[in-house]
Amino acid sequence: MSLREARAGASGKERFIPGLGIATLFLAALSLGPSYAHVLEAGPRLAVWSPELWREATVFNGQFEYFALLGAPVDVAAILCSVLLAFLLYDERPAFALALCGTALFAAALTAWFVLVAPMNAILSLWTAGPLPPDFEAVRHRWETGHMVVAALKGFGFLFLTAALLMPQRHDA
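Source: prediction; values computed, not measured.

**Student:** What's the story with helix H5 (residues 93–124) in this structure? I'm lost.
**Tutor:** For an α-helix, the turn length of 3.6 residues means that residues three or four places apart are oriented alike. The end-to-end C-alpha distance of H5, which contains 32 residues, comes to 45 Å, matching closely the 46 Å that a straight helix rising 1.5 Å per residue would cover. For H5, the principal kink sits at Val117 and spans about 40 degrees; a proline, Pro119, occurs within the next four residues.

**Student:** Hey, could you run me through the packing of helix H3 (residues 51–59) against helix H6 (residues 136–166) in this one?
**Tutor:** Pairs of packed helices are described in terms of their axes, by the angle between the two and the distance that separates them. One way to put it is that H3 packs onto H6 with a least axis distance of 12 Å and a crossing angle of 55 degrees. One element, H3, and the other, H6, form an angle in the oblique class. Handedness of the H3/H6 crossing: left-handed. In this structure, H3 contributes Pro51, Trp54, Arg55 and Thr58 to the contact, and H6 contributes Phe136, Glu137, Arg140, Trp143 and Glu144. Of the residues in the contact of H3 with H6, the class split is four nonpolar, one polar and four charged.

**Student:** Which parts of the structure should I look at to understand the side chain of Thr58?
**Tutor:** Relative to the helices and strands, Thr58 resides in helix H3. Overall, the relative accessible area of 9% leaves Thr58 in the buried class. Within the structure, Thr58 has its side chain in polar contact with the side chain of Arg45 (distance 2.4 Å).

**Student:** Can you walk me through the packing of aromatic side chains in this structure?
**Tutor:** Tallied over the full model, the rule gives seven aromatic pairs. Pairing Phe64 with Phe67 gives two aromatic rings, centres 5.0 Å apart and planes at 75 degrees, and the pair type is edge-to-face. Relative accessible area serves as the criterion here: at 15%, Phe64 is assigned to the buried category. The partly exposed category is assigned to Phe67, whose relative accessible area is 35%. Measuring from centroid to centroid gives 5.7 Å for Trp127 and Phe136, while their planes differ by 35 degrees, and the two rings are tilted. Phe136 gets classed as buried once you look at its relative accessible area, which sits at 3%. Over the ring of Tyr90 we find Arg93, and its NZ or CZ is 4.1 Å from the ring centre.

**Student:** In this structure, what is going on with the environment of Ala57? I would like to understand it.
**Tutor:** Note that Ala57 resides in helix H3. Once the C-alpha coordinates of Ala57 and Arg45 are considered, the two residues, 12 residues apart in sequence, prove to be 9.6 Å apart. Contact partners of Ala57, with chain neighbours within four places excluded, come to Trp49, Gln63 and Phe64.

Parameters and conventions
- Residues numbered from 1 in each chain as written.
- Predicted model: local features only at pLDDT ≥ 70, side-chain atom pairs only at ≥ 80, totals over all residues.
- Heavy atoms only, no water.
- Helix = DSSP H or I, 4+ residues; strand = E, 2+ residues; numbered from the N terminus.
- Expected span 1.5 Å × (residues − 1).
- Bend = angle between axes of the 7 residues up to and from the residue.
- Axes fitted to C-alpha atoms, helices over the stretch in contact; angles between N-to-C directions.
- Parallel < 35°, antiparallel > 145°, perpendicular 65-115°, else oblique.
- Left-handed = near helix turned anticlockwise from the far one by under 90°.
- Contact = heavy atoms within 4.5 Å.
- Nonpolar A, V, L, I, M, F, W, Y, C, P; charged D, E, K, R; others polar.
- Buried < 20%, exposed > 50% of the residue type's maximum accessible area, 1.4 Å probe, protein only.
- Polar contact = N/O pair within 3.5 Å; in protein donor to acceptor, adjacent residues only side chain to side chain.
- Phe/Tyr/Trp six-rings, centres within 6.5 Å; stacked < 30°, edge-to-face > 60°.
- Lys NZ or Arg CZ within 6 Å of the ring centre and 35° of its normal.

Written out as structure tokens, the structure reads:
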């Protein structure tokens, strides 16, 4: 049976899954990208950069402004699309479980960001030029490791979502 014939016999829900799956993976990849970039930057930022350079690049000059303006809506959209995808895969048990795990991991990543990174961003927003604050190392360490945790959760979430979409699906006629 050709793909066209399979689609012709598919229910509305089954026709919707491929497009939603592509949109979900696209949004998940866009969400994962900046988080992975943080991981790639972390080594030099922690081991090579001076504390003053880290503060200048991270806190001042708006380097991460678009992460909030564009990244936050993409993170939420990735979660919402994954929820819808899992719902549509409910009757496909292995795929449903994988999609649900992927969704939970992306939701956990956003939660981890709010728990680990957002409080540090609030502290960073109070920093001014001049001497380094006494809590500099603790804030920097938590900010960097928080981003690493978020990236790991998103990475595994992306794998689970991809696996869900690669699972064979029944096409009951």
